[in-house]
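Architecture at a glance
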Amino acid sequence: LVMVFYGSNGKSNPVSMENKVEHQAKNQIAYDIHLPSDLGMLYKVRLGLQSLENSISQLSLRHFKMQNTSTLDTFSLTINKTLPVSFNGDRWIEFPVEWPLKEALSVVTYHLTVFSRNILSDRNLVHMSACIYGTHGDTGDRSLLWSLQNVQQGEDNESFLVTMDAVELGELDKVVLLISSKTDCKLDIKKLHLKEAVKEHPIYVFEVNEAFSVDANKPEIRREIPVSFVIRGDKQKNDIDRNLHKEESQARNLTEYTIKVYTGDKRGAGTDANVHIILFGNEDKSEVFQLSQSLDHQDPFERGNVDTFKIKTKNLGRLHSIEIGHNGKGFASGWFLEKVEITDASKNLVYCFNCNRWLAEDESDGRTVVQLYP
């Protein structure tokens, strides 16, 4: 049994349950696992079987529960699904993580139509899988030849439909194909069409147009295919036009701020931790900005350096304070911040926020985030 956890900052490596500490009761097994702390807020779990024992024909999963032993945040879900574990079967299921006061993603059935020339004749010898990527993560590698529907064969072309369930991916970005075979062969793939099963549009088109020479004695072929174009319905086109107009209108109302961050000239003053800033004005406050792309230095926040950043946000009015700090990650993450200067070019104003203190867990009051006033 293997699990992959998806968070707002990325995903974990596959976590095998094989060597974890387990507590077993009737029809129930509890595992102790350690996840990277930088995953952010979890939003999805993928669960499946990585390798198969001949004696296992299926695995019925009834209930899933996980708890953060530090915060005691708990999530539980009734699954009541059986993992198909035939040799070419889809061995994965996905479910969203639902947290209080936060809308969860939903599980979607995707239809992937493969247009090719000769795959069907060799499908018992070929293994082909796809990993679909979108703005909300990926599906992991899913087998394409285990359950074919709507098979159509012509003289020079063929197509077949594959269905897969996954937590909604958002806007689709790319597909990664993995192809291997028990015998030397050539597979001619023309294109892929991908859409949600319950919707006519949008249809994401991935042009492949390649004949793959598969060698049984060589590693599997991996091909990354970005989306070529999207077929949208008339209503969708109108909605997109409206949204673009709205975004353009909002962009015209944005204010640009130039932020200069001064790191002190003291031993160990620099940091490699992730630094963020929030601006507060008399009319509104900004979102959280991660200060990572300095206009002056490839490696920002080094001892004695001044780093410049440009951000755009809604009109905040006159600035009265800022929040600035870091996440305390990395070796010697402590940071001596001298001051922050912010220029609002639209109002021809420069604000200076003096700090002159350590932002470090092992210095003075141990704070890594501070509120500063001009």
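Residues numbered from 1 in each chain as written. Predicted model: local features only at pLDDT ≥ 70, side-chain atom pairs only at ≥ 80, totals over all residues. Heavy atoms only, no water.

**Section: the overall build of the protein chain**
Rules: In this description a helix means any DSSP run of H or I spanning at least four residues, a strand means any run of E spanning at least two, and both kinds are numbered starting from the N terminus. When a residue's accessible area, from a 1.4 Å probe over protein chains only, is under 20% of the maximum for its type it is buried; when over 50% it is exposed; and in between it is partly exposed. Contact definition: two residues touch when any of their heavy atoms are within 4.5 Å.
Along the protein chain, the regular secondary structure elements total one helix and 28 strands. Put simply, the protein chain has 374 residues, and 41% of those count as buried. In the protein chain, 65% of the contacts between residues at least 6 apart in sequence involve partners at least 24 apart.

**Looking at the pattern of salt bridges**
Test applied: Salt bridge, as used here: a side-chain nitrogen of Lys or Arg that lies within 4 Å of a carboxyl oxygen of Asp or Glu.
In this structure the tally under the stated criterion is 16 salt bridges. For K11, the salt bridge is made with D138, and the minimal N-O distance between the two is 2.9 Å. One end of the pair, K11, is in strand β2 (residues 10–11); the other, D138, is in strand β12 (residues 137–138), and 127 residues separate them in sequence. Residue classification places K11 among the partly exposed positions, given a relative accessible area of 41%. Between R46 and D138 there is a salt bridge, with its nearest N and O atoms 3.6 Å apart. Of this pair, R46 sits in strand β6 (residues 42–48) while D138 is found in strand β12, placing the two residues 92 residues apart along the sequence. Residue R46 is classed as buried on the basis of its relative accessible area of 5%.

**Considerations on the sheet that holds strand β14 (residues 149–153)**
To keep it simple, the criterion reads: Only strands joined by at least two bridges in the DSSP assignment are considered to pair. Lines are fitted to the C-alpha atoms to define the axes, a helix being fitted only along its stretch in contact, and any angle between axes, read from their N-to-C directions, falls within 0 to 180 degrees.
If you trace the six strands from one edge of the open sheet to the other, you get β14-β15-β10-β17-β18-β20, paired in antiparallel fashion. Strands with a single pairing partner mark the edges of an open sheet, and in this sheet they are β14 and β20 (229–231). Taken pair by pair, the neighbouring strands of this sheet meet at an average axis angle of 30°, ignoring direction. Two elements, strand β18 (residues 203–214) and β20, share three bridges in a ladder whose sense is antiparallel.

**A word on the packing of aromatic side chains**
Stated formally: Centres within 6.5 Å are what make two rings of Phe, Tyr or Trp a pair, Trp counting through its six-membered ring; a difference in plane orientation under 30 degrees is then read as stacked, over 60 as edge-to-face, and the rest as tilted.
On inspection of all chains with the given rule, the structure shows six aromatic pairs. Consider the rings of F301 and F309, whose centres lie 5.7 Å apart with planes at 25°: the pair is stacked. Both residues of the pair, F301 and F309, count as buried. A centroid spacing of 5.4 Å and a plane angle of 80° characterise the contact between F336 and W358, whose relative ring orientation is edge-to-face.

**Observations concerning the environment of E323**
The condition that has to hold: Throughout this description, a polar contact denotes any pair of N or O atoms lying within 3.5 Å of each other; where both atoms belong to protein, one of them has to be capable of donating a hydrogen while the other can accept it, and for residues adjacent in sequence the pair is counted only when both atoms sit in side chains.
Within the secondary structure, E323 sits in strand β25 (residues 319–326). The sequence separation of E323 and V369 amounts to 46 residues, and the corresponding C-alpha distance is 7.0 Å. In contact with E323, other than residues within four places in its own chain, are H276, I277, I278, F280, V369, V370 and Q371. Engagement of the side chain of E323 in a polar contact is seen with the side chain of H276, the distance being 2.8 Å.

**Observations concerning the side chain of S286**
Inspection of the secondary structure puts S286 in the loop between β22 (275–281) and β23 (289–290). Look at S286 and you get buried, because its relative accessible area is 4%. If near-sequence neighbours (up to four positions away) are discounted, S286 is found in contact with I278, L279, T313 and L316.

**Side note on the sheet that holds strand β24 (residues 306–313)**
An order of β24-β21-β26-β27 is seen for the four strands of this open sheet, with the pairing classed as antiparallel. Two strands lie at the open edges of the sheet, namely β24 and β27 (349–359), each paired on one side alone. In this sheet, neighbouring strand axes are inclined to one another by 20° on average, regardless of whether the strands run parallel or antiparallel. Pairing of strand β26 (residues 335–344) with β27 involves nine bridges; the strand directions are antiparallel. What sits directly across from K339, in β27, is N354.

**Observations concerning unusual backbone geometry**
Here the residue pair H201 and P202 is connected by a cis peptide bond, since its omega of 0° sits within 30 degrees of zero. Looking at the element boundaries, P202 is found in the loop between β17 (185–196) and β18. You will see that N348, though not glycine, has its phi angle at about 55°, which is positive. Mapping N348 onto the fold places it in the loop between β26 and β27. In this structure, N356 is a non-glycine residue whose phi angle is positive, near 50°. Position of N356 among the secondary structure elements: in strand β27. Judged by its relative accessible area of 48%, N356 falls in the partly exposed class.

**Concerning the environment of S116**
With respect to the element layout, S116 can be found in strand β10 (residues 107–116). Along the sequence, S116 and F160 sit 44 residues apart, while their C-alpha atoms lie 8.7 Å from each other. With near-sequence residues (within four places) excluded, S116 lies in contact with N157, E158, F160, D188, I189 and K190. At a separation of 2.8 Å, a polar atom in the side chain of S116 contacts the side chain of E158.

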